[in-house]
Amino acid sequence: MSNHVSQTGYKPTKADLYGLFNHRFETDGGLMLDCYLIYEAEERETRDEPGCAASMELVFALVEGVDISEVLGDLAQTIEEEALRDLAEQIEDAALERGEA
């Protein structure tokens, strides 16, 4: 788990955001959220461990620099899923550019 502290109304510093995946998310109402997430890479199954799929965990959802992540409810999961798809696409695009795919 992270050592990042998220509370509604908090204005995170650059140090708070360091190392987090940045994803811009637009709500159905047109509000742009500047989201910061923790990425957990896929862990392959072994004889001793069941493994797990890659995942994202929302840490901050900023509107004009202020965190509103605690009031997002189910929207947080939507943001996490979209950010994970976005990262997968970025990885695939980078592999194509390097001629690896």
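Let us look at the structure shown here. (Residues numbered from 1 in each chain as written. Predicted model: local features only at pLDDT ≥ 70, side-chain atom pairs only at ≥ 80, totals over all residues. Heavy atoms only, no water.)

Looking now at the overall build of the protein chain. Along the backbone of the protein chain there are two helices and four strands. Reading the protein chain from its N terminus to its C terminus gives the helix and strand order α-β-β-β-β-α. In terms of principal-axis extent, the alpha carbons of the protein chain reach across some 45 × 35 × 25 Å. In the protein chain, buried positions account for 29% of the 101 residues. For the protein chain, the proportion of contacts with a sequence separation of at least 24, taken over those separated by at least 6, is 52%. (Helix = DSSP H or I, 4+ residues; strand = E, 2+ residues; numbered from the N terminus. Buried < 20%, exposed > 50% of the residue type's maximum accessible area, 1.4 Å probe, protein only. Contact = heavy atoms within 4.5 Å.)

Moving on to the environment of Leu87. Within the secondary structure, Leu87 sits in helix 2 (residues 75–97). Owing to a relative accessible area of 13%, Leu87 belongs among the buried residues under this scheme. For the pair Leu87 and Asn22, spaced 65 residues apart in the sequence, the C-alpha separation amounts to 9.7 Å. Residues within four places of Leu87 in sequence aside, it is in contact with Phe21, Tyr39 and Met56.

Across a sheet, strands are paired by hydrogen bonds formed along the backbone, either parallel or antiparallel in direction. One open sheet accounts for four strands, arranged 1-2-3-4; its pairing is antiparallel. Each edge of the open sheet carries a strand with a single partner, namely strand 1 (21–26) and strand 4 (66–67). In this sheet, strand 2 (residues 32–40) lies alongside strand 1 in antiparallel orientation, the contact comprising six bridges. Paired with Phe25 across the bridge in strand 2 is Leu33. Contacting strand 1, strand 2 and strand 3 (55–63), helix 2 crosses the sheet at an angle of about 120° to strand 1. (Pairing = 2+ DSSP bridges. Axes fitted to C-alpha atoms, helices over the stretch in contact; angles between N-to-C directions.)

As a further point, take the nonpolar core. In a soluble, globular protein the nonpolar side chains are often hidden away together inside. Core analysis: the largest hydrophobic core is formed by 13 residues, its most contacted members being Cys35, Leu37, Leu58 and Ile79. Mapped by element, the contributors of at least two residues to this core are strand 1, strand 2, strand 3 and helix 2. Take this core: its biggest share by element is four residues, from helix 2. Contacts of Leu58, omitting those with residues within four sequence positions, involve Cys35, Tyr36, Leu37, Ser69, Leu72, Ala76, Ile79 and Glu80. In this structure, Leu17, Tyr36, Val59 and Leu62 belong to the second largest nonpolar core, which totals seven residues. (Core = buried A, V, L, I, M, F, W, Y, C linked by side-chain atoms within 4.5 Å.)

Purely geometric numbers; function is a separate question.
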